[in-house]
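This is what each chain is made of:
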Amino acid sequence: DVKVTQSSRYLVKRTGEKVFLECVQDMDHENMFWYRQDPGLGLRLIYFSYDVKMKEKGDIPEGYSVSREKKERFSLILESASTNQTSMYLCASSLPTTNEKLFFGSGTQLSVL
Amino acid sequence: QKEVEQNSGPLSVPEGAIASLNCTYSDRVSQSFFWYRQYSGKSPELIMSIYSNGDKEDGRFTAQLNKASQYVSLLIRDSQPSDSATYLCAAPTTGNQFYFGTGTSLTVIP
């Protein structure tokens with residue numbers, strides 16, 4: 001069974017902290033994505049990676065960075081967490097062709113106090 | 001215009017009725033479309049995909065794609081209380097970036 005694993009289901013951090021959200025997939029997928037989901041705003045793309053060490057900005061990259069050192073792992077980094085980054089973060093992966101669906105992790109609910 | 005837009009909802013239908021969910025898209029997306037269902041507190045799960053103009057049926061679900069109008073819809077026949085969820089329309093751009101609509105919340109009333 002295919003799997004996308006996010007390291008934490010719930011996370012509480014303080015403003016100014018550096019936060020790492022980890023995502024690992026076991027399907028040998030080239031594409032990996034980070035979204036945040038907020039009520040009324042749907043899923044918004046933060047960053048996208050189509051290969052190791054490759055990344056592209058999505059719609060809302062400000063305040064975030066990413067790292068993809070290995071094909072199976074895609075990390076989202078909040079350099080200095082702020083309260084407006086309190087959200088549900090979803091990681092997803094897919095094969096590189098455009099007709100391929102996304103597989104989602106179970107999500108990380110991050111609260112920044 | 002956003003890449004994918006869902007403007008309807010929330011939607012309430014009685015059990016057994018047909019629920020109709022709609023989505024429009026821009027020229028920036030490719031011609032593949034996906035409907036995801038998301039239960040509260042859970043991650044999205046794929047229920048239908050459609051790539052060609054016309055209708056595609058899978059059990060109680062029918063996806064409809066109209067490329068001329070840039071419109072994709074999802075019909076749920078014989079709606080059940082277990083269908084109560086948020087439904088998300090999604091499409092990739094030619095650059096493989098997946099974009100989602102804001103979702104339509106469906107409640108099926110027993």
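Right above here is the structure, for reference.
Cut-offs used in this document
Residues numbered from 1 in each chain as written. Chains lettered and ligands numbered in written order. Predicted model: local features only at pLDDT ≥ 70, side-chain atom pairs only at ≥ 80, totals over all residues. Heavy atoms only, no water. Helix = DSSP H or I, 4+ residues; strand = E, 2+ residues; numbered from the N terminus. Buried < 20%, exposed > 50% of the residue type's maximum accessible area, 1.4 Å probe, protein only. Polar contact = N/O pair within 3.5 Å; in protein donor to acceptor, adjacent residues only side chain to side chain. 1 Å grid on protein atoms, 1.4 Å probe; cavity = no way out; pocket = protein on both sides within 12 Å on 5 of 7 lines; lining within 4 Å. Points joined across faces, edges and corners; volume = space filled by probe spheres on them. Nonpolar A, V, L, I, M, F, W, Y, C, P; charged D, E, K, R; others polar. Salt bridge = Lys/Arg side-chain N within 4 Å of Asp/Glu carboxyl O.

*Asks:* Kindly report on the environment of Asp27 of chain B, identifying the contributing residues and their values.
*Replies:* Residue and element names in this part refer to chain B. Looking at the element boundaries, Asp27 is found in the loop between β3 (19-25) and β4 (33-38). Judged by its relative accessible area of 68%, Asp27 falls in the exposed class. Here the side chain of Asp27 touches Gln70 through a polar contact of 2.6 Å, side chain to side chain.

*Asks:* Give a detailed account of the layout of surface pockets, specifying residues and quantitative values.
*Replies:* Size it by volume and the largest pocket reaches roughly 360 Å³. Lining the largest pocket are 20 residues, with Gln37, Asp38 and Pro39 of chain A together with Gln38 and Thr86 of chain B positioned closest to its centre. Looking at the lining of the largest pocket, the elements that each hand over two or more residues are β4 (31-38) and β9 (87-94) of chain A together with β9 (85-92) of chain B. In terms of residues, the lining of the largest pocket owes the most to one element, β9 of chain A, which gives three residues. Looking at the lining of the largest pocket residue by residue, the classes come out as five nonpolar, 13 polar and two charged. When its volume is computed, the second largest pocket comes out at roughly 220 Å³. For the second largest pocket, the lining is made up of 16 residues, of which Leu43, Arg44 and Asp59 of chain A together with Lys2 and Phe100 of chain B are closest to its centre. Broken down by secondary-structure element, the contributors of at least two residues to the lining of the second largest pocket are β5 (42-51) of chain A together with β10 (98-100) of chain B.

*Asks:* Could you give an account of the pattern of salt bridges, with specific residues and numbers?
*Replies:* For the structure shown, the criterion picks out eleven salt bridges over all chains. Across the pair Asp38 of chain A and Arg44 of chain A runs a salt bridge whose closest N-O atoms are separated by 2.8 Å. For Asp38 of chain A, a relative accessible area of 11% corresponds to the buried category. Look at Arg44 of chain A and you get partly exposed, because its relative accessible area is 25%. The partner of Glu45 of chain B in a salt bridge is Arg37 of chain B, and the shortest N-O contact between them spans 3.2 Å. The exposure class assigned to Glu45 of chain B is partly exposed, which follows from its relative accessible area of 32%. Counted as one network, the salt bridges with shared partners bring together Asp28, Glu30 and Lys71 of chain A.

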